[in-house]
Each structure stands twice: as C-alpha cells, then as structure tokens.
Number of protein chains: 2
Amino acid sequence: MKYISLSAMALVMAGMGFNFTEARAEHICSPSGDIVLNADVIDGVPMYSVTYKDKVVIKPSKLGIELSDCPDMMDGFKLVSSKISSFDETWEPVWGENREIRNHYNELLLKLDQPTNYRKMDIRFRVYDDGVGLRYEFPQDGALSYFVIKDEHTQFAMDGDHIAWWIAGDYDTQEYDYTESHLSEIRDKMAASICSNASQTQFSPTGVQTSLQMKTDDGLYINIHEAALVDYSCMHLNLDDKNFIFESWLTPDAQGNKGHLQTPCHSPWRTIMVSDDARDMLSSNLILNLNDPCKYEDTSWIKPVKYVGVWWEMIAGGKHWSYTYDLPSIKLDSLDYTNTKPHGKHPANNENVKKYIDFAAEHGFDQVLVEGWNIGWEDWFGHSKDYVFDFQTPYPDFDIDKLNEYAHSKGVRLMMHHETSGSIRNYERHMEKAYGLMNKYGYNSVKSGYVGNMIPRGEHHYGQWLNNHYLYAVTEAAKHHIMVNAHEAVRPTGLCRTYPNLICSESARGTEYESFAGNKPSHTTVLPFTRLQGGPMDYTPGIFEMDITKFNPDSKGHVNSTLVRQLALYVTMYSPLQMAADYPEHYERFMDAFQFIKDVAVDWDQSKYIEAEPGRYIVAARKAKGTDDWFVGCTASEDGHASELALDFLDKDKKYEAIIYADAEDAHYKTNPQAYKITKKRVTSKTKLKLKAAPGGGYAISIKPVG
Amino acid sequence: MKYISLSAMALVMAGMGFNFTEARAEHICSPSGDIVLNADVIDGVPMYSVTYKDKVVIKPSKLGIELSDCPDMMDGFKLVSSKISSFDETWEPVWGENREIRNHYNELLLKLDQPTNYRKMDIRFRVYDDGVGLRYEFPQDGALSYFVIKDEHTQFAMDGDHIAWWIAGDYDTQEYDYTESHLSEIRDKMAASICSNASQTQFSPTGVQTSLQMKTDDGLYINIHEAALVDYSCMHLNLDDKNFIFESWLTPDAQGNKGHLQTPCHSPWRTIMVSDDARDMLSSNLILNLNDPCKYEDTSWIKPVKYVGVWWEMIAGGKHWSYTYDLPSIKLDSLDYTNTKPHGKHPANNENVKKYIDFAAEHGFDQVLVEGWNIGWEDWFGHSKDYVFDFQTPYPDFDIDKLNEYAHSKGVRLMMHHETSGSIRNYERHMEKAYGLMNKYGYNSVKSGYVGNMIPRGEHHYGQWLNNHYLYAVTEAAKHHIMVNAHEAVRPTGLCRTYPNLICSESARGTEYESFAGNKPSHTTVLPFTRLQGGPMDYTPGIFEMDITKFNPDSKGHVNSTLVRQLALYVTMYSPLQMAADYPEHYERFMDAFQFIKDVAVDWDQSKYIEAEPGRYIVAARKAKGTDDWFVGCTASEDGHASELALDFLDKDKKYEAIIYADAEDAHYKTNPQAYKITKKRVTSKTKLKLKAAPGGGYAISIKPVG
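Rules of the game
- Residues numbered from 1 in each chain as written.
- Chains lettered and ligands numbered in written order.
- Predicted model: local features only at pLDDT ≥ 70, side-chain atom pairs only at ≥ 80, totals over all residues.
- Heavy atoms only, no water.
- Pairing = 2+ DSSP bridges.
- Helix = DSSP H or I, 4+ residues; strand = E, 2+ residues; numbered from the N terminus.
- Axes fitted to C-alpha atoms, helices over the stretch in contact; angles between N-to-C directions.
- 1 Å grid on protein atoms, 1.4 Å probe; cavity = no way out; pocket = protein on both sides within 12 Å on 5 of 7 lines; lining within 4 Å.
- Points joined across faces, edges and corners; volume = space filled by probe spheres on them.
- Buried < 20%, exposed > 50% of the residue type's maximum accessible area, 1.4 Å probe, protein only.
- Contact = heavy atoms within 4.5 Å.
- Least-squares fit on C-alpha atoms with pLDDT ≥ 70 in both.
- Phe/Tyr/Trp six-rings, centres within 6.5 Å; stacked < 30°, edge-to-face > 60°.
- Lys NZ or Arg CZ within 6 Å of the ring centre and 35° of its normal.
- Parallel < 35°, antiparallel > 145°, perpendicular 65-115°, else oblique.
- Left-handed = near helix turned anticlockwise from the far one by under 90°.
- Nonpolar A, V, L, I, M, F, W, Y, C, P; charged D, E, K, R; others polar.
- Buried area = accessible area lost by both parts, 1.4 Å probe.
- Salt bridge = Lys/Arg side-chain N within 4 Å of Asp/Glu carboxyl O.

*Asks:* I tried to follow the sheet that holds strand β5 (residues 65–67) of chain B on my own but got confused; where do I start?
*Replies:* One key point about sheets: their strands pair by backbone hydrogen bonds, in either a parallel or an antiparallel sense. All names here are of chain B. Reading across from one edge, β5-β10-β19 is the order of the three strands in this open sheet, with antiparallel pairing throughout. Sheet topology places β5 and β19 (260–262) at the edges, where each strand pairs with a single neighbour. When strand polarity is set aside, the average angle formed by the axes of neighbouring strands in this sheet is 55°.

Here it is, written out as structure tokens:
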C-alpha cells in the first residue's frame, strides 16, 4: 500500500467543522494512492469522505438508515473496530469488453455498535484506483433480525456546483433525455427534462437517477451509481441544492416502505467513480468488480448475439403488434380470432418473418426478433389488465413451428419476445411454460418488456418487489439455458457478472425514441458514462433511413444521427447483444455501409477508450474476441468532432487494412445524414488518422491484419 | 308462475316516498309465490325491494357502483327493457348434503342505459322459494371496457331493528366469535366482539361480515351473503344504524381501490335468503345454485376424506411446527439443520407420524395430516418474510418417502400441508413443484394456510388479488388431481359447485380457538346459519379431552362442548372433509364413543334439518351416500336442548337399530363434559325419541337397517 496523503483530507474536514483527525479517523487509499477514503463515527453518526489526488470528491458525508418499524440506524453508533485488507485477482467474464478484468482494491470494514438498541451495523468500503464502493452490512448477531427501511440516508456531499448529465428521478421510467446543467440548475430544468411515459412517478424537484455523471470545475469526473442491486430497492439521488449534497432516495413499495430485510444482509454497493480523465469513467470495471462472481457452473450456452427483427416496423413504420381492429377489449380465456378481420398491418406474419430470416441468413446474423407473435396485443397496454398475455399462443398468421424450422434450416434462430405489460403475477404464472415453449422450438434468448404501471398495483418498476422479479426471471431462464434481454426493467448494476445470461437490458432511452420524439444528438455521448456503467444496453442502433416520414407518412420522426454514426454505435455502445434495427430494404440501399454491421464483433478481447468527453464525443477501439481484428467507433454531439487517431493499440508486428466509414464533408445529422464515404487504407501501429465527425455524426473503422 | 301479490309491496313503497307503482315497477315472484321482488329505476337510480308472504324483507334499496377512474354507475340510469324468464333443473353435486339439488327460479333481467356516459349496465335478479340473488352485469357493448371500482353501493334496507348473529367486518380475518344482538346494538358491542389475530383490519364501527343471519320481530329469518365470488373483492356489510340500512363494503387493494374489471363481466351474486322457518336457512341451496356448474369433466378423483393428524399437538399440546430453537431467523437458501439441536417437541417426526398412520389404518380413516413436516417453521410467522417456505424439503426427522410408503402399505394416505404465511408470490412460484411433489409421493389433498399479513404487502386476505389467488391454487391443483382445504382464505361462496376439489375451507373460528380462548358454547349453533352457507368448513371436531391443562400444563384451554356434542358436529357441521382432531390416546380412553366417529359418513344422499334456531340448537339427520344408514346430530347452546325426535325420515318399510350417544343427566360443557351414555334401540319411521342435550351439549345417533 502506498503512502497515504491526508493533508487535503484533513483540511476539508477542518473546514467543515468535523472532528476528523488523523489520530481518530480510519482511512485507506486506493492501490495507486490517488484515492483516499476517510471514515469515522462523529457524534454517533457514521461519516466518510473521499479525495482524488488531494482534490475533494466527497466532502464529509453522513451514512445511515431510517427504519419504519423500529428505531433508526442513523445515530447513536460507536466504532467497535476496523479492519483493513487488500484484494487483487484477475477474472474472466463470460462475455465483455475485455477478456480479463483485474479486481484490485483496499478494503476498510468498520464494525459499529448502536448500544441503545443492542444492534450492530457494519460499513464496508472498497477503494479502487478508479473509485470507491461502500455498503451497509447487517449482521445476524445483533438484536435485529427483520426490519423495514423507511429510507436510506447515504449522503454524497459535493464540493461545488458541478456540471451533471442527469435524468429526472422516477420510480417507473428511465427513458428521459439527458440534461446537462450545473447542480444548481436542476430544479429549474426539471420540468423540461420530463417527457410522458406509459408509467412514470417523479418524487422530487431535485431528484435524479443514477448512474449520475458529473464534472467539476477543476476537471474531475465523478460518477455515482450502485452495484449489485439484489433484494433491495433501487437508489435515486435527491439533491440538497443549497449545499450540493446528494442523498440516497430509495424506490418505495405499495405501502410507501422502501425495503423489507432480514439479517444477515447488506445494501447494494454505493459507488463513486472518480478520475481526472473522462476515459477512465468508460474503462472502469468498478461496478462489475463489486458484483459477485458468476453463479453458474456451465456458461457454455451463453453466446453474444447479433440480430435483426420485426420491430422497427411497429416502432417507426406504423405497423402493429396486434392482428385485428375488431377486438378492442379481449379476454384470453375466450379469445377467438377465427372470425375477426385482420387489419393487414401485422408484420409478425409468416411471409414477412421469412423475409427477415432470409436476410439474417444471407448476412450472418444470429437471430431474428419477432414482436407481436403472440395473441393479446389488441388491448395489451394501459388497462392494468392482469391476464394480458399467455406467452404461448401465436397469432393465426404466425406459424411458430414452421418458422423456427425454417430459421434453423438456415442456421438462424428466432428471438422470443415476452411483453408483460407490467403484469408480473401473470408473467410468473406463465413463466415455466413460456420458457418451456422456447426450449421446445429452439429459442435461446428472450426480449422481455415491462411497459406500463405495475401489477401488483402500487408497486413500482424499481422497487424491491420488481427487482426481485427481474432477477427471478433471469435465474429461472438460466435453468432453461435462456438469455434475457429485459426492457423497462431496473437499470443494471453489474449483475451480468454474476448472472451472465442477463445478456442485456434497455433501462434507458433507446433508438425507439428517434421515432417518437427524437434523442438529442449528444445522447450517445452520454449513455456510456451513465446507463452503460451497470451493464450493456439493447440500444438497437443501425438505422439507415433517418427520415421516417419517407416510409411512414403519419410519422414526424427523424433519427438524430448520421448514418455513419449508426455504424459507430456498435463499437461505442458496448453490448454482447446488438441489433441491426432497420428494414432489410433500407440496408439494401447502402450495402457498402452495411458491411460494417456485418463485420463488427459482439464480443471482445480488449477495449480502449481513445477519446472521451461526456456530452461531446466518445472514441472507442475494441479487439474482437479470439482475433486480431479491431473496430473503432466515434460518436459526436451536435458539435461534431475531429480526431487525430493514433492506432498505437495495434500489434506492432502486424500490418492491417483499415476500412474507414466517415461522414461526408457536408454530412449533418439533421439535413444530410446519409452522406458518407468509405475508404480503404493500409495501416500499422504507427498510423495516425485524421478523422472528422459531422454534427451528430461519427466514424467507424474496421481494421484487419493483412499479409 | 303463481299470482303475485303486490299489496304489501305497494304499501311499503308508498310509505318510503318512492314512486314504485304496479304500473311502472318490474316485479317477479318465486315459484311458490311467497317471495316477491320489485325493481325499478327511480329518478335514475336502480332500486329493488323484497317481500316474503307479504312481509317486508328488503325495503326499497338502492343499487349502484362508484368508480375510481370514471363517472359512477350510481344514477342517471334509464330502464331500457326488462325480461322475465324461468329455470328449473335438477343437478347432482360431486359431493354434498344431498344427491340431487333442484335449481328452480324466476329471473328478471333489467337492461339499463346511462345515457350521459353512453354506458350500459344490467341487473339480474333470480327469485327462488328460499331467497333472492341479484348481480350487476357489465356488457361489453357499452362505452365501458375497463373500470376500477371505488365501492359497490348495494343497499339492503331492513324493516326493523332485527336480531343479528354477526362478526366484525374485517379485511383479513373471519376468526371472531359471533355476537347476538339487535342491529342497533352493533356499534356498542363492536369493540368487545374483536379479539386479536395474526392479521386483522377492521373498517367501520358498524361493519359486519357475511353471511349475516338475522331474525325479525315477526319471525322472519333473513340471511345476506354472496355467491360465486370470482375475480372480485369480497363483500362486507356496513350498517347505517339509524335507518337499519346495510350497504355493501368491498375489500380494498393496496391502493384503496376495490376492484379492477374488464367487460363483459359481472359482480358476484348478492344473496338474500328468507323464510319463516329457521330450518329453511340450513337446507337452502340458493348459494350453490347461483354458482356455475362443475367445470371439470372428470371428477372421479375427488373423494370425501375422513382424517386424523399431527395438529392438535401443536395447537393445544405445546408442541411445535419447528424443529429447533437454534435458528431464530433463517434463510432457506443457506439453511442447514445438520448442526442444530432439535428441541424435541417436533411431533411431525417419523415415529409419531407412524403412530398416527397405525391409528388411522386401524380405525378406517382415509388420511393423516402432518403439519410441520417441511423446513422453515422456525421463523414462519409475523415477519413479512417473502421466501418463507419451499414446500419441498422435509425436516431431518420426517422421511417423506418412507412415511408415504408406510401409509400406503396400510391403505392410508398422508395429507399435505402448505402454510404460505401469506407470502403469495412465494407460494405461486413453488406451486407447480409443490403439487408435483405431492403427485410423486401419492398425496391427493392439501391443507393450505394463509396466516399473517399478505405479501404483496398492502393486499388483504379478501381482496380481488387474493380471491384470484385462492381460485388459482384450486384450479392448478385440479390439474394435479389434488383437493384443496384452504385455511384463512376468503369465506366460501359456493364455488365448490364449480370447482369441487375445493373440498373444504376454514374461513371462520374453528376448534383451534378452544385451545386459545374458547368458542362460545353456542358457536356451532350459529356457524351452519352463517359460515357454512357458502360451503363446508374444516371445523376439526372430535375433541374428547376438554380439559387441555391435563396434557398441557402451560395451557388454560377448555373445549366448550360436551364430548357427545363433539360427535354430533360430524352431522351438524356438514363437510366432505372431516377430521378427528384429538390425540389417539384420548380416543382410546373412550372407544365406545369414538365408534360414532368411525361410523359416521362424510358424503350424503339426503339431509334433513329437524330442528333449528340460530344461537340455540340445530338437529340434523343425514342419509349416508349409497346406503340406508342415517346419522343424526344435535348441537345446543348453553341452554341445552330437549327434542322429541320423530324418525319419520326413515324408510317406512325398514327396521333399524339406533345407537344413541347422549349427554349424561349431569353432563355440562364446562364442569362435566365427558359424561355420556350410549344406548342401542330398535327404531322405525314411527319412532319418536325423547332426547336431551346438556348445556353446551348435544346428541348423536347412528341408525342402520337391521334384518
């Protein structure tokens, strides 16, 4: 362990009027020594603070839990003992950005007593070179066996009016566009930051979601999130915007409580990532490292997936998941489509699905997603309907047997779709049979959805009840060797390390919004700093026809991206599950560009973030798993971006051919998004490429060894 | 249809200031003509009234539904059309009090429009000779597809300050002793009527439960209940005790709403039974008739059950469901009993269960219930614990394989026990495996339990969510050919006609309370008028040792019944599932009396109620199915009861031997409960028996043909 500099820390403490002293406070530093964590019990209240290279990251901040059913765990504590330890191991994820991940930290465990209530509580800190994790632990040997959380009061006291990239705190949706503002501006900008959603519940004019990315005036990047959210309620942050103190704000249950716990247990990790280099935010493995190792012995059935699907036709194209207009209100028990008139806008039909299968087979995609294959979509949404789907019965024009047979004959699988409409009991009641059906027909992945208000009524998308369900869906799926891609579920917190069949999630504003109301051009320069911290996102990139009015006159949609940036997203938005979301016929108009999507990998040996600034640009390079092929992507905001890209990550002994997909000079996400140029070039590790991303544009490069 | 006398009705209407007139009001009468129902829309409000032999049963009463999410269905209605029809059929229940049941009624269907809201609502009345059923129907062709009920406002306006046998309205328990009082006294007697329960939620100082039995000053018996409670919230009655108007009061969900409905749908039937002879209350099949016919094609696997079990040892005997004191708080995931010390008070062990199997085999019982067989009981209760049981894993001292094998070798089955602790999601998640385990080991019946507050938290025992669950448990069980005996579930409403594997329920204060705090001696003279209207109860009679302190010094329990009355209950408390609840060794002390329990049938060709007065006495005679054997039972209140019992129900051409089990002269439920005499006597249909029930006593007779 390196020498610990506590001078800056002590200064801060003194300034705050806290009695942290070197003599009394417990402290540890990160392996590099750059991050210092100080912790103590002051006047009975557990407190901590964090510095990075002597700069304040977290000012002295209180820790504690308020309980509903017994005295709080907020004060009256005394420090019984502390224990410092170190850990260093390298592990291999089943899939990921890198073949190996180093998990290296110093740990401080504070053991606390609350004598008045004969209770114990521990606080565990792990300090990495890229940040800090802390969690509450509740041993069984105290007087506490069962307790109900009223709220958790973990403070994150900021040292200034930082810039933040935030979305509104909400118990039911994460699908907001990011707002970039100073902390002091959050209150004023809150109303404008909120758009309508099928289910939404805000709680505070200064409440925001995690992962929250910030930047300080003196150039520190700070990110607050959580890791390993299991059997606990999801954390938001509520800001005291006078003092710039964030405090945890958990998602309540139907009775307003925020968690039912039984000792021994612990909270999820509260994470604080910090660096003076934005790229470190993106390359951090802090969240994964704070999760438990993989719980499955056999993971051979878990495979990254590149897919196309019957989806954009409904989202952007004016087609429907439903089959008929004749049944505005249906009951599955007595449902019969025999005498209904098909409305003719149901793309999940045999002919169309075959077209997608053919396209997937021709271009090397693994799977074809088909939404709207199963009966019940005529009134699937917004009615708090309990028995909304059976996840079993195909529409009359979807021959599940024949279509799977056809797909398999071409080396392609269909991807299952389970929309739950938030009716959780109904899904769990049908889950075993639904997964069984998938096994029967050879599906190995499911896209699940949780649109609308939850049933049990009064529960929220991110409460303990639902978090428990999402994980149940994943672990039950594992028994069937099924991978899960959950939409509208809770934002990920690195659980994919432990349960790698949680192959992907949505949990943010994805490409679909380009057809609804558009995403800001900067959106994909923020997501990797925020939403992707917890795990991959099914962003569904690859839209080539930006002007949706061209194929759907009823739409006003426009995709706020150049075509080339759509390619780059396969690299910048890391995911082991990647869709090419546009129509086959749109791709067929741009087959030279489409080649990049065909080529790009979905699993990696190595990833490098070359350039990064939240809200501005991200340039990433990744080496495809088990090959010497590299792929580079750049996504830029409205401002565009100019790179002088050193290819020094390439093998020094190898020669390569690069195919560069670049925005044309006059490209622009709004006015001229489809203008691109493709060039081939021999490159080596010494090559430097001058590249330019248009406003809302980017670039993409595939680099393969030659000779 | 007989001539309808409307004179009394018209009089009442006029007196109430309502404009019911013969010219405008719709009316029908029962097949006999004794009951007349009048219905109309007055100033936009649907109303009805009922008379019996020209006496007022229900004064003009309003009908309507208040909605949470759209305009109410309380007024603004106009009568579009009405339709009168008749129905008469005889059907055979799978099991029951009678081999055949006649379903004979006249029906009035009012079709209503609510023009302001472009909605339709129908009200259907069925008038039987023993009462009236009415329900709301919501057709799909109105403007209403989905709606949320704020409350139902069905009024039952009484014509006086009747005597009622009532228990406090409560969303979570039915386990109260009955109070006999005038309606005007309910408010004052409410507090005293409530005892503590593991889960209880009262709602009003004049709120009571159904089935509510009343008696008027002029000798009418009136009973209000509901039939066919499916996908709806359970109804209570709230009394306007100034005007003696009851109004329906549904059980709310976690958000305070009282039902989510989708058209086409209907409410359960609201039932009003009426007669001037109390015996008609007991012999009525109104509730069953208002339920749908059996939904199962094959019912051959549904068999009445007489059983003993490992249960009274825990309830009364100070033994435990749990295995050890070493684990005050356990987690099933990591539970290991290997190194725990058994507390030695766990009767669900191999040796003891074998004893019960031997006893069952020797005395002709079908099954042996074993509670506490499965792990998790150490902290099963009161902690709002989600994963409380797995319904799969036996305690170390319960060899599920060997014990079933042993039982089957003796022609006996074990009876499964599934305590859920109210953790419904957990039960449903394990249900398929739990039923599968039962199939594997040859169990064909399960006693399920719902002790404590519900999870999903905020839901109540009698809300729509739980009612949906109880029925799900029954229909899922049917797929496994399993019979369900649900404890703490919603009070039955005749669903056993439709789903006859719902073989029994508890849903009232059973024998267990004799060990807790005692039941009133009159309790079993009330239950058949109230709780049993909806279906059979697992009352668990057959206690021979009334003084519980004799075998459990820690108890102060005393069974408020003579031993002979315990025999009579097998006849007076009709059920196809009957337990002999006491210890084998207690029975062995009274084998001559025990013979009645061995002999008594659990399924019947014919039932007759010879004498009855709620709160006083009930004398019932039943002919065992497929035989010429009759069994008679009498249960009496503290006042005792003297009968001159005419055996005119016997076959005139047969001679019989009667074994009469009577209280001894000096018997008394409190001071001398075990004093009895058994006499044998030749009898015929002309025999009259003079019989006397002691205070809290009764008598029991078995009558078999001879010669």
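*Asks:* What should I look at first to understand the layout of surface pockets in this one?
*Replies:* By rolling a water-sized probe across the atoms, one finds the places where empty space is left. All names here are of chain B. Each pocket or cavity is described by its volume, and for the second largest pocket that value is around 610 Å³. Along the walls of the second largest pocket sit 39 residues, with Trp380, Val451, Glu488, Glu512 and Phe516 positioned nearest its centre. Elements represented by at least two residues in the lining of the second largest pocket include exactly α5 (312–315), β24 (413–419), β25 (445–449) and α10 (512–516). Considering each element in turn, the lining of the second largest pocket owes the most residues, four residues, to α10.

*Asks:* Please clarify how the pairing of strand β7 (residues 101–114) of chain A should be interpreted in this entry.
*Replies:* Note on strand geometry: in a regular strand, side chains alternate between the two faces of the sheet. Residues and elements named next belong to chain A. The buried fraction of β7 is high, at eleven of 14 residues. As paired elements, strand β6 (residues 78–91) and β7 share 13 bridges and run antiparallel to each other. Each bridged residue has a counterpart across the sheet, and for serine 86 the counterpart in β7 is asparagine 106. Two elements, β7 and strand β8 (residues 119–128), share nine bridges in a ladder whose sense is antiparallel. Each bridged residue has a counterpart across the sheet, and for aspartate 113 the counterpart in β8 is lysine 120. If you look at the hairpin formed by β7 and β8, you'll find four residues sitting between the two strands, and tyrosine 118 has a positive phi there, around 55°.

*Asks:* Explain the sheet that holds strand β22 (residues 305–310) of chain A to me, please; I cannot follow it from the model alone.
*Replies:* Residues and elements named next belong to chain A. Strands sit in the order β27-β26-β25-β24-β23-β22-β28 across an open sheet of seven strands; the sheet is parallel. Of all the strands in the sheet, just β27 (502–505) and β28 (577–579) have a single pairing partner and so form its edges. Direction aside, neighbouring strands of the sheet carry axes that sit 30° apart on average. Of the pairings in the sheet, the one linking strand β24 (residues 413–419) to strand β25 (residues 445–449) comprises four bridges and is parallel in character. Bridge assignment links glutamate 419 to a residue of β25, and that residue is glycine 449. Its contacts with the sheet place helix α8 (residues 424–441) against β24, β25 and β26 (483–487), and it is angled at close to 175° to β24.

*Asks:* Explain the relation of the copies chain A and chain B here, please?
*Replies:* In screw terms, the move from chain A to chain B is a rotation of 180° and a rise of 0.0 Å along the axis, fitting with an RMSD of 0.0 Å. Taken together, the rotation angle and the small translation identify this as a two-fold axis. Of the interface residues in chain A, 100% have counterparts in chain B that sit at the interface too, so the contact is made through matching surfaces.

*Asks:* Help me out: how do you make sense of the environment of Phe649(A) in this one?
*Replies:* Residue and element names in this part refer to chain A. One can find phenylalanine 649 in the loop between β32 (641–646) and β33 (655–663). Separated by 476 residues in the primary sequence, phenylalanine 649 and threonine 173 have C-alpha atoms spaced 39 Å apart. Discounting residues that sit within four places of it in the chain, phenylalanine 649 has contacts with Lys608, Ile610, Ala621, Trp630, Val632 and Ile703.

*Asks:* In this structure, what is going on with the packing of aromatic side chains? I would like to understand it.
*Replies:* Note on aromatic pairs: each is described by the distance of the centres and the angle between the planes. Counted by the stated rule, this structure contains 72 aromatic pairs over all chains. Relative to Tyr128(A), the ring of Tyr105(A) has its centre 5.1 Å away and its plane inclined at 50°; by these criteria the two rings are tilted. A residue pair is termed long-range when its members are at least 10 positions apart, and Tyr105(A) in strand β7 and Tyr128(A) in strand β8 qualify at 23 residues. Each ring, one from Trp377(B) and one from Trp380(B), has its centre 4.8 Å from the other, and the planes form 55°; the classification is tilted. The burial state of Trp377(B) is the same as that of Trp380(B); both residues are buried. Members of the aromatic cluster, each reached through a chain of ring pairs, are Trp321(A), Trp377(A), Trp380(A), Phe381(A), Phe389(A), Phe391(A) and Tyr427(A). Between the NZ or CZ atom of Arg425(B) and the centre of the ring of Trp465(A), over which it lies, the distance is 3.6 Å.

*Asks:* Which parts of the structure should I look at to understand the packing of α8(A) against helix α9 (residues 464–479) of chain B?
*Replies:* In a packed pair of helices, the relevant descriptors are the angle between the two axes and the axis-to-axis distance. The N-to-C vectors of α8(A) and α9(B) enclose an angle of 15°; their axes lie 12 Å apart at closest approach. Here α8(A) lies roughly parallel to α9(B), going by the angle between them. The crossing of α8(A) and α9(B) is right-handed. Where α8(A) approaches α9(B), its residues Arg425(A), Arg429(A) and Lys433(A) are matched on the opposing element by Trp465(B), Asn468(B), His469(B), Tyr472(B) and Lys479(B). When the residues that make up the contact of α8(A) with α9(B) are grouped by side-chain class, the tally is two nonpolar, two polar and four charged.

*Asks:* Could you clarify how one ought to interpret the interface of chain A and chain B in this entry?
*Replies:* Interface size is commonly expressed as the accessible surface area that is lost when the partners come together. Listed by partner, the interface residues are 33 residues for chain A and 33 residues for chain B. Taken together, both faces of the contact between chain A and chain B bury some 2,900 Å²; the carbon and sulfur share is 47%. Run the count over chain A and chain B and you get two salt bridges. Of the charged contacts, one joins Arg429(A) and Glu428(B) as a salt bridge, the two residues approaching to 2.7 Å between their closest N and O atoms.

*Asks:* In this structure, what is going on with the environment of Thr51(B)? I would like to understand it.
*Replies:* Mapped onto the secondary structure, Thr51(B) falls in strand β3 (residues 45–52). Along the backbone, Thr51(B) and Val274(B) are 223 residues apart, and their C-alpha atoms lie at a distance of 9.1 Å.

The quantities given are spatial measurements derived from coordinates; they are silent on function.
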